[in-house]
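So the chains spell out like this:
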Amino acid sequence: AVVSTQSGHYGRDSNQALNQLFQKIIHLDIDERHLLRLGHGEEGLGTDKDFSKYGRVNYILAHRLELLTEVGRLQKSLGVSGDVTYTCETAGYFNLYQVKSRWEEFQSRLKKKGSGTEGNEASDVKEFFPFHVYFSNAPQPVFKGDAYLEDLDTAEGCYRHIQKIFDQLEEFRAFELMRSGLDRANYLLVKEAKIIAMTCTHAALTRRNLVKLGFRYDNILMEEAAQILEIETFIPLLLQEPEDGHNRLKRVILIGDHHQLPPVIKNMAFQKYSNMEQSLFTRFIRLGVTAVELDRQGRSRESLANLYNWRYKKLGNLPHVLKRPEYLTANTGFSFDYQLVNVEDFNGVGESEPNPYFYQNLAEAEYVVAVFMYMRLLGYKSEEITILTTYNGQKHLIRDVVKQRCGDNPVFGFPKTITTVDRYQGSQNNYVLLSLVRTRTVGHLRDVRRLIVAMSRARLGLYVFARVGIFANCYELTPAFKQLLKHPTDMHICPDESYPTNRATGVLPTAAKIIKDMPEMSKFVYDFYYQVIERLMKSRQEEERVVLAAETAAHRFKTPTEAKTIDTPIEEDPEKKKKNLEETLSQPFLAIDDAGTGDDREAGNSSDEEDVVHPIRIIPSQNLDVREEFQPFPHVKYETQEESGEEFVGPTMNLAQESVDADMSGETEEVNPPQDSN
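Cut-off values and rules
Residues numbered from 1 in each chain as written. Predicted model: local features only at pLDDT ≥ 70, side-chain atom pairs only at ≥ 80, totals over all residues. Heavy atoms only, no water. Axes fitted to C-alpha atoms, helices over the stretch in contact; angles between N-to-C directions. Helix = DSSP H or I, 4+ residues; strand = E, 2+ residues; numbered from the N terminus. Parallel < 35°, antiparallel > 145°, perpendicular 65-115°, else oblique. Contact = heavy atoms within 4.5 Å. Nonpolar A, V, L, I, M, F, W, Y, C, P; charged D, E, K, R; others polar. Pairing = 2+ DSSP bridges. Patch = residues over 30% accessible without salt bridge, like charges linked within 9 Å, V, L, I, M, F, W, Y side chains within 5 Å. Areas by Shrake-Rupley, 256 points an atom, 1.4 Å probe, with all protein chains shown as cover. Salt bridge = Lys/Arg side-chain N within 4 Å of Asp/Glu carboxyl O. Lys, Arg positive; Asp, Glu negative; His and termini not counted. Charge placed at Lys NZ, Arg CZ, Asp CG, Glu CD. Buried < 20%, exposed > 50% of the residue type's maximum accessible area, 1.4 Å probe, protein only. 1 Å grid on protein atoms, 1.4 Å probe; cavity = no way out; pocket = protein on both sides within 12 Å on 5 of 7 lines; lining within 4 Å. Points joined across faces, edges and corners; volume = space filled by probe spheres on them. Phe/Tyr/Trp six-rings, centres within 6.5 Å; stacked < 30°, edge-to-face > 60°. Lys NZ or Arg CZ within 6 Å of the ring centre and 35° of its normal. Core = buried A, V, L, I, M, F, W, Y, C linked by side-chain atoms within 4.5 Å. Expected span 1.5 Å × (residues − 1).

**Remarks on the packing of helix α2 (residues 53-78) against helix α7 (residues 181-192)**
Two quantities define a packed helix pair, namely the angle between the axes and the distance from one axis to the other. Two numbers describe how α2 lies on α7: the axes approach to 9 Å, and their chain directions differ by 90°. As summarised for this structure, α2 and α7 are arranged roughly perpendicular, according to the angle between their axes. Contact residues: Lys-53, Tyr-54, Arg-56, Val-57, Ile-60 and Leu-61 in α2; Gly-181, Leu-182, Arg-184, Ala-185, Asn-186, Leu-188 and Glu-192 in α7. Of the residues belonging to the contact of α2 with α7, the class tally is seven nonpolar, two polar and four charged.

In structure tokens form, the structure reads like this:
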């Protein structure tokens with residue numbers, strides 16, 4: 001069987017989708033020597049095993065040696081002399097003349113003794129079985145002796161196990177005869193592999209070579225078929241020559257969703273007038289070809305599924321969506337599982353267009369990043385959070401903001417992915433932060449298929465940042481935004497909740513903080529960050545105090561000899577002691593912030609001798625002005641009551657216009673930033 005998936009414009013994402021499918025196949029009860037992954041996307045497989053052609057060849061050669069070792073153990077148990085484990089061929093002769101002959105003798109002795117349960121006793125199988133020594137390492141007893149047929153079935157199972165070893169060695173015999181890696185890899189592809197995964201692009205590039213090798217297959221399965229061009233769909237069907245004028249292909253399975261995005265055609269004339277954006281999958285659906293439409297989803301919690309199930313016929317939920325704990329627990333720190341957050345202009349600017357069709361929205365970018373930082377401070381894992389947007393320009397802007405705000409701080413790190421909705425089709429994550437960018441017109445989100453993709457990427461939480469008035473009044477988007485508007489358009493958060501929360505989904509918190517706009521969220525995250533850091537520092541200081549108290553208590557129980565040996569200070573030269581003290585006080589000390597890192601800060605000299613004897617000096621949190629060290633939002637000017645002389649009414653903004661360079665010649669290769677270690 002050949003497993004294929006979309007390719008072309010979304011090459012990296014198609015490889016990712018194919019790898020996800022291939023990983024599920026790996027976990028099935030299939031011998032891994034029959035699995036093969038073609039193409040460069042094999043490096044992205046989340047496994048330590050190598051499923052490329054040469055990786056599978058190395059696996060077979062290593063497995064061959066393991067099987068020959070088993071043959072050697074069987075030879076020793078039978079008392080046969082000679083070197084029968086030299087090659088697969090010699091092992092085959094050993095099986096023919098020594099193993100099979102003994103098994104046939106075993107069967108004939110049972111047959112002579114009697115037939116069925118009438119003439120044979122239960123002990124006969126154990127008495128006549130010739131491989132007792134070989135199976136001595138199996139769970140004992142091998143034969144229970146209770147029933148003849150039961151023991152006979154056990155004996156036949158043991159013999160099948162032995163024959164499976166020799167059958168595999170017979171298959172590996174060809175790898176001994178071929179000496180070059182290329183010949184072995186081609187033989188593996190044509191004869192040994194049973195399930196082969198590749199993209200449509202790889203099939204097109206290697207078709208000539210596959211046909212020349214005599215590649216044969218009976219079944220082909222295409223995943224994300226609704227996003228594959230018609231011509232790309234036909235190419236994987238023609239990777240073999242006809243036999244007697246007939247194609248031996250027996251079954252073609254197309255899996256896709258015509259309610260989601262179609263293939264990408266950059267040329268507008270081909271897209272509209274030639275209708276090239278219509279996939280073969282969609283054509284079959286429009287022609288009324290019989291199709292199996294799934295009526296259950298198992299990705300999103302029930303409340304999130306309501307955002308897109310209106311597009312399908314009677315789409316329900318699988319049982320685990322209603323039973324598993326992660327679906328029954330509310331999102332820590334948020335009042336709602338999903339929310340549409342209204343984002344107004346920032347300094348009179350909404351969407352901007354530094355280059356043609358390169359749309360950006362700084363207010364939404366800052367708001368999204370602030371919510372990401374808030375989630376990380378609560379305890380959410382960075383790999384559980386994805387940031388999506390509908391435009392490439394906004395993607396680059398969000399990446400720049402994340403790099404500036406979070407890049408050098410391991411407390412935050414980077415989200416798992418920052419990309420566009422189109423590129424993220426076929427993928428999912430627990431929590432999705434979505435920026436819709438536009439503030440003048442709806443833009444290409446008017447295509448309902450793109451909306452369905454955007455609404456269906458999240459499993460547990462979806463938070464959409466947009467200009468509500470623009471999108472709520474769009475007729476095509478009414479069903480989804482009508483559902484989104486059931487919740488307030490101001491962000492409702494619960495910073496006092498601990499992660500993970502015990503609050504059930506659908507239950508509102510007793511006290512929630514309402515965030516009106518992006519500057520307020522920025523100011524809140526700024527203050528919340530230092531509250532968390534100071535709390536962690538105090539916790540670390542308390543731990544240090546407990547450890548010191550435990551060490552002091554341990555000294556009280558020492559014998560006089562131990563106390564004299566351990567506690568008596570060693571006399572030291574006064575001049576040397578004074579010099580060491582001056583050197584220690586002149587060096588910067590390490591302030592413990594309990595966020596997984598330590599920052600070097602100038603603490604100044606101190607006359608407290610207790611601070612000197614510790615290798616690491618703990619700076620009390622009340623003496624540390626952490627605001628001078630880190631400002632997550634540089635364009636926000638923070639003033640306290642003491643500095644301003646008046647009551648604080650909110651942050652004042654001083655925005656420097658940021659320019660983002662972009663290559664408009666085409667999509668750039670998406671590179672995920674390194675994940676943080678927290």
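Following the structure, the description resumes.
**Let's talk about the sheet that holds strand β14 (residues 458-466)**
On the basis of which strands lie adjacent, the open sheet formed by five strands has the order β8-β14-β13-β11-β12 and parallel pairing. Across the chains shown, the open sheet's two edge strands, defined by having one partner strand only, are β8 (338-342) and β12 (417-420). Pairs of neighbouring strands in the sheet enclose a mean axial angle of 20°, with direction left out of account. By the bridge criterion, five bridges tie strand β11 (residues 385-389) to strand β13 (residues 429-435) in an arrangement that is parallel. Pairing of Leu-388 across the sheet is with Leu-434, part of β13. Relative to the sheet, helix α17 (residues 392-406) contacts β11, β12 and β13, its axis offset from that of β12 by approximately 160°.

**Thoughts on a negative patch on the surface**
Negative charge collects at one region of the surface, where Asp-146, Glu-150, Asp-153 and Glu-156 lie side by side. Within the fold, Asp-146 resides in the loop between α5 (122-128) and α6 (148-177). On the accessibility criterion, Asp-146 (63% relative accessible area) is exposed.

**Looking at the pattern of salt bridges**
Tallied over the full model, the rule gives 27 salt bridges. Note that Arg-56 is salt-bridged to Glu-32, the shortest N-O span being 3.4 Å. Here Arg-56 is found in helix α2, whereas its partner Glu-32 is found in the loop between α1 (11-26) and β2 (35-37), with 24 residues between them in sequence. Of the two residues, Arg-56 and Glu-32, neither departs from the other in class, the shared state being buried. One salt bridge in this structure joins Asp-447 and Arg-449, with 3.2 Å as the shortest N-O distance. What you see here is one network of salt bridges that share partners, running through Asp-31, Arg-33, Glu-171 and Glu-192.

**Brief notes about a nonpolar patch on the surface**
On the surface, a nonpolar cluster with roughly 360 Å² of combined accessible area is contributed by Tyr-93, Leu-96 and Tyr-97. Considering the arrangement of structural elements, one finds Tyr-93 in helix α3 (residues 88-113).

**Things to note about the layout of surface pockets**
Roughly 2,000 Å³ of internal volume is contained in the largest pocket. Considering the residues around the largest pocket, the lining is formed by 50 residues, among which Glu-223, Ile-255, Gly-256, Asp-257 and Leu-294 are closest to the centre. Secondary structure elements with two or more residues in the lining of the largest pocket: α1, β5 (251-255), α12 (280-286), β6 (296-297) and β13. Ranked by residue count, the leading element in the lining of the largest pocket is α1, at six residues.

**Quick look at the packing of aromatic side chains**
What the rule picks out here adds up to 25 aromatic pairs. When the ring of Phe-22 is compared with that of Phe-51, the centres are 5.5 Å apart and the planes differ by 80°; the resulting orientation is edge-to-face. Taken as a pair, Phe-22 in helix α1 and Phe-51 in the loop between β2 and α2 lie far apart in primary sequence, 29 residues in all. Across the pair, Phe-51 and Phe-22 agree in class, each one buried. Considering the side-chain rings of Phe-94 and Phe-166, the 6.2 Å spacing of their centres and the 45° angle between planes classify their relative orientation as tilted. One end of the pair, Phe-94, is in helix α3; the other, Phe-166, is in helix α6, with 72 residues separating them in the sequence. Neither Phe-94 nor Phe-166 differs from the other in exposure class; each is buried. Here a set of aromatic residues connected by ring pairs shows up, and it is made of Trp-103, Phe-106, Phe-129, Phe-131, Tyr-134, Phe-135, Phe-143 and Tyr-159. In this structure, Arg-56 packs its charged tip against the face of Tyr-59, placed 4.6 Å from the ring centre. Above the plane of the ring of Tyr-359 lies Arg-438, whose end atom (NZ or CZ) is 3.9 Å from the centre.

**Quick notes on the nonpolar core**
Leu-74, Phe-94, Val-99, Phe-129 and Phe-131 are the most contacted members of the largest nonpolar core, which has 55 residues in total. Among the secondary structure elements, those contributing two or more residues to this core are α2, α3, α5, α6, α7, β3 (195-199) and β4 (219-223). Looking at this core element by element, the count peaks at eleven residues for α6. For Leu-74, the residues in contact, after removing those within four places along its chain, are Phe-94, Val-99, Phe-131, Tyr-134, Ile-162 and Phe-166.

**Looking at unusual backbone geometry**
In the segment running from Gln-140 into Pro-141, the intervening peptide bond is cis, with an omega of -5°. Summarising the element assignment, Pro-141 is placed in the loop between α5 and α6. Cis geometry marks the peptide bond from Tyr-499 to Pro-500; its omega dihedral reads -5°. Tracing the backbone shows Pro-500 in the loop between β15 (491-493) and β16 (513-515).

**Focus: the pairing of strand β9 (residues 352-355)**
In the sheet, β9 pairs with strand β10 (residues 358-360) via two bridges, with the strands oriented antiparallel. Within β10, the position partnered with Ser-352 by the bridge is Gln-360. Hairpin connection of β9 to β10: two residues between the antiparallel strands, including Tyr-357 at a positive phi of 65°.

**Describing α17**
Taking 1.5 Å as the rise per residue, α17 with 15 residues should run 21 Å; its terminal C-alpha atoms sit 21 Å apart, in good agreement. Within α17, twelve of the 15 residues are buried, which leaves it mostly tucked inside the rest of the structure. Among the residues of α17, Asn-392, Gly-393, Gln-394, Lys-395, His-396, Leu-397, Ile-398, Arg-399, Val-401, Val-402, Arg-405 and Cys-406 are the ones counted as buried.

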